[in-house]
Amino acid sequence: MRHEVSLLAIILLLVVAEIAIPKNRKSSILHLALLFFGIHTALGFLPLAESFLFGGMFRSNDMIHFFKGVLNIGVFTLLLQSADWLEKNMVSQERGTEFFILLFASLLGMYFMISAGDFLMFFIGMELSTLPVAALAAFEIIKRESGEAGIKFILSAALASGVSLFGITMLYATNGSIYFDDVLTTLTAENLTLLGFILFFAGLAFKISLVPFHFWTADVYQGAPIGIASYLSVISKGAAVFILMILLFTVLKPLMYIWKPMLYVLAVATMFTGNIFALRQENMKRFLAYSSIAQAGFILLGLMTGTQLGTATVVYFITIYIFSNLAAFGVVQAISTQTGKENMKDYEGLYRTNPRLSLIMMLALFSLAGIPPVAGFFGKFFLFTAAASEGYYLLVFLAVVNVTISLYYYLLVIRAMFIRKGEDPIPFFENKLYMRLGLLITVIGILALGLYSPLYDYIYQLSAFLN
Amino acid sequence: MDILSLFVVVPVLVILALVFTKDLKQARIISMIGALVQLGMAVNLLFAYFRERAVNDSIMLFNRDMVWFEQFNIHYNIGVDGISVSLILLTSIIVLAGVFISWKMEELPKEFFISLIVLATGVYGFFISIDLFTMFVFYEIAVIPMYLLIGIWGSGNKEYSAMKLTLMLMGASAVLLVGILGIYFNSNADGGELTFNILEIAKVNIPFEAQKLFFPLTFIGFAVLGALFPFHTWSPDGHASAPTAVSMLHAGVLMKLGGYGIFRVAMFLLPEGALEWSWFFIILSATGVIYGAFAALRQTDLKYINAYASVSHLGMVTFALLMLNKTAWNGAILQSLSHGFMTALFFALIGMIYGRTHTRDITKLGGLLKVIPFISVVYVIAGMALLGLPGFSGFVAEMNIFMGAFQQDSMFYRIATIVSISAIVVTAVYVLRVVGIMLMGPVKNEAYNHLDATTWYEKTGIMLLLIPIIGIGIAPLWISNLITESLQPFIQGVL
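These numbers come from a predicted model, not from an experiment.

Draft legend 1. Looking closely at the overall build of chain B. Looking only at helices and strands, chain B has 21 helices and two strands in total. For 495 residues, the compact-globule formula gives about 23 Å, and the C-alpha radius of gyration of chain B, at 21 Å, lands near that figure. Each of the three principal axes of chain B carries a C-alpha extent, and together these read 75 × 60 × 45 Å. When burial is assessed residue by residue, chain B has 62% of its 495 residues classed as buried. Long-range contacts, defined here as pairs at least 24 residues apart, represent 79% of the contacts in chain B between residues at least 6 apart.

Structure follows, in structure tokens:
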């Protein structure tokens, strides 16, 4: 509960600060929020005992604790990257504090969602994590696309939640309990249970933006502020995959023979759709949106195994993916905040004017594409190893075909930055301190997480709880 | 620090030093010193290897083993045998020559040398790896800088060529990954632990069904890099667009990774699969040999001629490997070495000619022997070596290959061998055709009457490559012995 209580305290403190701090010094709230959250992140890594609270509705163990820590780092990095944008656009409109409160509320929802011990807590957590994001997506009210993103997100999210809740009621109807532990013992493959499972799964699939539940992704990413697009693609997706994994490997394990082929099909569809649509994107945010859909397809390879190896590789991959994608979004954010440019064409000649940003972008894209020695390679290799360990060689083959396709579009960005000279390259600019810090964290992550093997060993140890 | 890890550490240090350089002068001096140190290390390794071999008869010498990812039993496991030592020597020589040839790299010199040395690091790492995982890591590290090297510093249709080359090679490595995973998950077939260690896996009897399935994946994964027909299409375009030093390194060294990987991984670990599939890949190789030769005959762009010649000569490497006997294998490794030096020399010369005349079209050139005699004479010598004239390395290699090939006495092998041998004749034709058109006769263009003389760094680069070609040709035994000795485990394992 420590994560939740401390985050709640930060939210309340921010409310107080919003009231107490006079109008002309509002920008100090930005620093205050970053400071609080930084302390929260750092404290989050102190060890925490396993716990069951509220009669089993809420539980925590080392793995969940670790994963919350990863989410914290992700959000902290993202806040650092967004600080400049917030200061420029939002503080002046006196809306800086709301941004933090909404974002932290959503993160709090994620905590509850991944700590859930029953379907009710899960659902509350999921709703709490989703609703503030709709407001955040529409945060740039002066932009029409932002409003569009908000409304698109809330409509699809509401539908997904409804469907998911409907599925949960069916599971309750057949099992007579909403506690994960009880459901595990009574679950059988009745028709109603299956229907419930599928509906429930659809709700989560929406959050992970698996094909065919991905239609909202590109539009929302494009319209929403970059920080929020980044939040949706890494934090929200990561948490949803994590809880889906817990549910599949524990509660829904009796249905394994059903969800395995289902995930197989979804994995293939998601990888191919994401990659093929990413090929022709011009807008960097849309580009990263489709790329992140494709990455979700790769994650399913690990999810399909249902083994400790699968758990470990999935968590490891998500951890790396968070850093890689944050780096990519961070560079897009930096350029967009400074110049307002978001298209791939604008990036032409970037290396010659802004070599550091280009190099960070290159590292991020290599990590996403899975090129050694950066971390993404190890994440992907191990995911594929996990899938191959269960004998899914054909699926691994299809996945590596997709890796090659994805390499093509990642190289397109690198081509624009490094090879092309561009007629009107983005002039040199200095990033603010927070942005630099935000990018530095991601770069360290990308470089170290793969080569430094004890991290994987640690995650593997933690993964034992599921199996 | 052990003698082998230095081959990875030193290039990384050079790269770090290059990051702080300010202009071309500093960058090239640092790269040259780095490359010289690596050459020194390679020569030192050669002698250390001879000394150690006399007292130590394990398969891989200078072995060092550190656990990396315990859960997957992934190790950082390195060691060398005679084959890798000779290829490391080849690499270090070509890298040094490449630095000299790039002496006047004006555009983004720092980045150029960094990419070049990243590539070299990958190659060294690949040759010293015993662990499949680390080997794969280094393989990809060696390939990916090609995209920037061709894309930024290339000429002509460079964006297309760079993309095509990178995607085909990375696609191949993706296929290879499935093959490696297949080998890994069958490495416990005899009841042991899952392992990536090549020497351990070689002792395991992997089930025949698995061998049959994963051999072609592993083979093709490596063979694309070795420009096996019909997966060679990246190579002519890539070489034509690449800057000189990159063509040299790529054709001279990187493509050797293909043959080495086929031998060390695909055939050594999956011998029954190799027997089962050899007919199919022999047909592809023989087709590549003859196709490459005829394609070179029709090209007018010097780089395309040389690229297709590479397809032909590297086809001979895979062809010889599949002949499954000691003499042919010996020839295959010798061919790898000899082709590495020759093709690097050719690309260096082509770069020099192009730098002076600004064309690579042989129909526009003529009488160069009169204007740039040094380059022209070396070109003739390299040509003679390529067509397999006795006294040069090419002869020794091809002699071995075809002697070995004729030891297989079934009809199928005979026909394939005869087809491949006939390519030698075609080779002679295309080499002499270029020499005749480009070097002899009257000077076709007035402007070509006053071309710059060869500079010292160009001469150094050329001599570095020329000496081994003649050296192997005149005294082939010492290097041949070095290789033959190391073939022993393969003979026990595969035959």
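Draft legend 2. Structural detail: the overall build of chain A. A count of helical and extended segments in chain A gives 19 helices and two strands. Whereas a compact globule of 467 residues would reach a radius of gyration of roughly 23 Å, chain A reaches 21 Å, a difference of no more than 12%. Dimensions of chain A, computed from C-alpha atoms along their principal axes, come out at roughly 65 × 55 × 40 Å. In chain A, which comprises 467 residues, the proportion classed as buried is 60%.

Draft legend 3. Focus on the environment of His313 of chain B. Residues and elements named next belong to chain B. With respect to the helices and strands, His313 occurs in helix H13 (residues 302-322). For His313, a count of 29 C-beta atoms within 10 Å corresponds to the buried category. Between the C-alpha atom of His313 and that of Ile206, which follows or precedes it by 107 residues, the distance is 32 Å. In this view, His313 contacts Gln335 and His339; residues no more than four positions away in its chain are not counted.

Draft legend 4. Up close: the packing of helix H14 (residues 326-357) of chain B against helix H20 (residues 477-486) of chain B. Residues and elements named next belong to chain B. Across the interface, H14 lies against H20 with an axial gap of 10 Å and an inter-helix angle of 125°. Here H14 lies oblique to H20, going by the angle between them. As for the relative orientation of H14 and H20, their crossing is right-handed in sense. Only Ser480, Ile483 and Thr484 of H20 make contact with H14, whose side of the interface consists of Asn330, Ile333 and Leu334.

Draft legend 5. The arrangement of the interface of chain A and chain B in detail. Every contact between the two is made by 24 residues of chain A and, on the other side, 26 residues of chain B. If you tally residues by element for the side of chain A that touches chain B, the top one is helix H17 (residues 393-419) of chain A, at 13 residues. Of the residues contributing to the side of chain A that touches chain B, the split by class is 18 nonpolar, four polar and two charged.

Draft legend 6. Fine view of the confidence of the model for chain B. Of all residues in chain B, 100% attain a pLDDT of 70 or more, and the chain-wide mean is 88. In the predicted assembly, ipTM is 0.91 and pTM is 0.93.

Draft legend 7. Expanded view of unusual backbone geometry. Backbone torsion omega between Val211 of chain A and Pro212 of chain A reads 5°, so that peptide bond is classified as cis. With respect to the element layout, Pro212 of chain A can be found in the loop between helix H8 (191-208) and helix H9 (215-223). Phi at Ser209 of chain A is positive, roughly 50°, even though this residue is not glycine. You can see Ser209 of chain A is positioned in the loop between H8 and H9. On the neighbour-count criterion, Ser209 of chain A (29 C-beta atoms within 10 Å) is buried. A positive phi angle, close to 60°, is found at His358 of chain B, a residue other than glycine. Tracing the sequence through the fold places His358 of chain B in the loop between H14 and helix H15 (368-371). Exposure remark for His358 of chain B: the 9 C-beta atoms within 10 Å place this residue in the exposed category.

Rules used in this analysis
Within each chain, residue numbers correspond to sequence positions counted from 1 in written order. Labels are handed out in written order, letters beginning with A for the chains and numbers beginning with 1 for the ligands. Restriction of local features to residues with pLDDT of at least 70 applies here, the model being predicted, together with a cutoff of 80 or more for giving and counting side-chain atom pairs; totals for whole chains, interfaces and linings are based on all residues. Secondary structure counts use DSSP, requiring at least four H or I residues in a row for a helix and at least two E residues in a row for a strand, with both numbered from the N terminus. For this measure, only C-alpha atoms enter the radius of gyration; the expected value for a globule follows 2.2 Å times N^0.38, where N is the number of residues. Comment: burial labels come from other C-beta atoms within 10 Å of the residue's own C-beta, placed from the backbone, where a count of 20 or more is buried, 12 or fewer is exposed, and between is partly exposed. Contact between residues is assigned whenever the C-beta positions, reconstructed from backbone atoms, fall within 7 Å. For helices, the fitted axis covers only the stretch in contact; all axes are lines through C-alpha atoms, and the angles between them, taken along N-to-C directions, range from 0 to 180 degrees. Here is the rule for angles: anything less than 35 degrees is roughly parallel, anything more than 145 is roughly antiparallel, 65 through 115 is roughly perpendicular, and the remaining ranges are oblique. Note: crossing handedness is left-handed where the near helix turns anticlockwise from the far helix by less than a right angle, and right-handed where it turns clockwise. Under the scheme applied, nonpolar residues are Ala, Val, Leu, Ile, Met, Phe, Trp, Tyr, Cys and Pro; charged residues are Asp, Glu, Lys and Arg; polar residues are all the others, including Gly. The quantity known as pLDDT measures the predictor's confidence residue by residue, on a range of 0 to 100.

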